[in-house]
Amino acid sequence: DRIAEFQTVPVAKHIVAYIDHLKDKQVHADRIKTIDTRLKESAAACDFNYLRDLSPDKLQKWLAGQVKDKARNMSAAVYNGYVEAWVAFGNWLIGKRTFGKRSSMSGEKRLIANPFVGMGKRDAKADQRRKARALTERELERLLAAAK
């Protein structure tokens, strides 16, 4: 019965409750902001108005469009970040709570199953936009001089 009641609550309100949950867990503020932005942007773009509207197919289609969009040209790492945000949100909706490496199903259940479980990710190593490298001697000297 309780799960049925949540079906009439807009997804935007569920996202707000999820973000409050992350704040209560003391997740880093930058991470919370990124998750909040990604969930809200993609929910609006995919017309996720209510829980019944959640669809991995719609999300995947929208993400594929973002990758192909010349203006956005979304990297694999960013694509994967959207997928991870929705999978985590879906887990929260089914009552899954994590504490470090442990998890339990002790949370409030808003959905029976996570619709985003098993959603595929892209190969971030094959689509690396920035390559990490060591500083040159000159760059290191400039860094140390600036730090003084």
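Shown above is the structure to which this text applies.
Description of the structure in this document.

What counts, and at which threshold
- Residues numbered from 1 in each chain as written.
- Predicted model: local features only at pLDDT ≥ 70, side-chain atom pairs only at ≥ 80, totals over all residues.
- Heavy atoms only, no water.
- Helix = DSSP H or I, 4+ residues; strand = E, 2+ residues; numbered from the N terminus.
- Rg over C-alpha atoms; globule rule 2.2 N^0.38 Å.
- Buried < 20%, exposed > 50% of the residue type's maximum accessible area, 1.4 Å probe, protein only.
- Contact = heavy atoms within 4.5 Å.
- Areas by Shrake-Rupley, 256 points an atom, 1.4 Å probe, with all protein chains shown as cover.
- Lys, Arg positive; Asp, Glu negative; His and termini not counted.
- Charge placed at Lys NZ, Arg CZ, Asp CG, Glu CD.
- Polar contact = N/O pair within 3.5 Å; in protein donor to acceptor, adjacent residues only side chain to side chain.
- Core = buried A, V, L, I, M, F, W, Y, C linked by side-chain atoms within 4.5 Å.
- Axes fitted to C-alpha atoms, helices over the stretch in contact; angles between N-to-C directions.
- Parallel < 35°, antiparallel > 145°, perpendicular 65-115°, else oblique.
- Nonpolar A, V, L, I, M, F, W, Y, C, P; charged D, E, K, R; others polar.
- Phe/Tyr/Trp six-rings, centres within 6.5 Å; stacked < 30°, edge-to-face > 60°.

Description of the overall build of the protein
Working step 1: Tallying secondary structure elements over the protein gives 6 helices and 2 strands in all.
Working step 2: Counting from the amino terminus, the protein carries its helices and strands in the arrangement α-α-α-α-α-β-β-α.
Working step 3: Here the protein has a C-alpha radius of gyration of 19 Å; the compact-globule value for 148 residues is 15 Å, and the former is much larger.
Working step 4: Projected onto its principal axes, the C-alpha positions of the protein cover 65 × 35 × 25 Å.
Working step 5: Residue burial in the protein is summarised as follows: out of 148 residues, 34% are buried.
Working step 6: Relative to all contacts within the protein whose residues are 6 or more apart in sequence, the contacts with residues 24 or more apart total 60%.
Working step 7: Of the roughly 9900 Å² that the protein leaves accessible, carbon and sulfur atoms contribute 52%.
Working step 8: Seen as two clouds, the 30 positive and the 18 negative side-chain charges of the protein have centres 3 Å apart.

Digging into the environment of Lys 121
Working step 1: The residue Lys 121 is located in the loop between β2 (102-104) and α6 (137-147) in this model.
Working step 2: Separated by 10 residues in sequence, Lys 121 and Leu 111 place their C-alpha atoms 23 Å apart.
Working step 3: If sequence neighbours within four positions are ignored, Lys 121 has contacts with Tyr 79, Asn 80, Val 83 and Glu 84.
Working step 4: Side-chain polar atoms of Lys 121 contact the side chain of Glu 84, separated by 2.9 Å.

Looking at the side chain of Ser 75
Working step 1: As for its position among the elements, Ser 75 is in the loop between α4 (56-68) and α5 (76-93).
Working step 2: Polar side-chain contacts of Ser 75 include one of 3.3 Å to the backbone nitrogen of Val 78.

Let's talk about the nonpolar core
Working step 1: Counting residues in hydrophobic clusters, the biggest one holds 30 residues, and the most contacted among them are Phe 48, Leu 54, Leu 59, Leu 63 and Trp 86.
Working step 2: If you list the elements that add at least two residues to this core, you get α2 (11-24), α3 (29-45), α4 and α5.
Working step 3: Of all the elements, α5 adds the most residues to this core, at 8 residues.
Working step 4: Other than its neighbours up to four places away in sequence, Trp 86 contacts Arg 38, Leu 39, Ser 42, Ala 43, Phe 48, Leu 54, Leu 59, Asn 114 and Phe 116.

A look at the packing of α2 against α5
Working step 1: As a packed pair, α2 and α5 sit with axes 11 Å apart at the nearest point and diverge in direction by 95°. Our classification of the angle between α2 and α5 gives roughly perpendicular. Contacts between α2 and α5 pair His 14, Ile 15, Ala 17, Tyr 18 and His 21 from the former with Ala 88, Phe 89, Trp 92 and Leu 93 from the latter.
Working step 2: Classifying every residue of the contact of α2 with α5 by side-chain character gives 7 nonpolar, 2 polar and no charged.

Here's the deal with the packing of aromatic side chains
Working step 1: Within this structure, the stated rule accounts for 8 aromatic pairs.
Working step 2: Taking 5.5 Å as the distance between ring centres and 65° as the angle between the ring planes, the aromatic pair formed by Trp 62 and Tyr 82 counts as edge-to-face. One end of the pair, Trp 62, is in helix α4; the other, Tyr 82, is in helix α5, and 20 residues separate them in sequence.
Working step 3: Taken together, a centroid distance of 5.5 Å and an interplanar angle of 80° make the contact between Trp 86 and Phe 89 edge-to-face.

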